[in-house]
Amino acid sequence: DDSYNIRYDAWSGASNGKALFGGYRLSATADSSVTFTVHGKSFQWVTAFGPNYGQADVYVDGQFVATVDLYLPVQKWQQPVSFKNLGSGNHTVTIIVLGQHNSASNGNGVVFDGIIIP
């Protein structure tokens, strides 16, 4: 999550040995975003799921592709969320924090732990 090719907007960094490479980014601020470019037909957003997390929208090349709900009753680190069938070439990906959460969740936080490009 410390690549110079990834642009963060209002995300704080934190250390945690359970996160990918020992650190992650977190934001609960509505409309804050992280943007990066991938090359190829697929990628995985590495995140965390847990009882205090919210929801985020994912856009690829400016087109909405999914709302991801990061709520789970138990904490889980290094969880991949897959996006496939993007077509060849470069793709700009933006993850936007919604500032809202599942009714069972205790918070709006969204974790960006990294990306995996096969």
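1. Here we look at the sheet that holds strand E3 (residues 23-27)
Okay, step 1: A sheet is described by the order of its strands in space; here three strands give the open sequence E2-E3-E10, paired in antiparallel fashion. Sheet topology places strand E2 (12-15) and strand E10 (110-112) at the edges, where each strand pairs with a single neighbour. When the angles between neighbouring strand axes are averaged without regard to direction, this sheet yields 35 degrees.
Okay, step 2: Sheet topology places E2 next to E3; four bridges connect them, and they run antiparallel. From the neighbouring strand, Ala14 faces E3, where its bridge partner is Tyr24.

2. Details of the side chain of Thr47
Okay, step 1: Counting through the fold element by element, Thr47 comes out in strand E5 (residues 43-49).
Okay, step 2: Given a relative accessible area of 0%, Thr47 falls into the buried group.
Okay, step 3: For Thr47, the contacting residues outside a window of four places in its chain are Leu70, Lys76, Trp77, Gln78, Gln79, Val81, Val111 and Asp113.

Conventions we followed
Residues numbered from 1 in each chain as written. Predicted model: local features only at pLDDT ≥ 70, side-chain atom pairs only at ≥ 80, totals over all residues. Heavy atoms only, no water. Pairing = 2+ DSSP bridges. Helix = DSSP H or I, 4+ residues; strand = E, 2+ residues; numbered from the N terminus. Axes fitted to C-alpha atoms, helices over the stretch in contact; angles between N-to-C directions. Buried < 20%, exposed > 50% of the residue type's maximum accessible area, 1.4 Å probe, protein only. Contact = heavy atoms within 4.5 Å.

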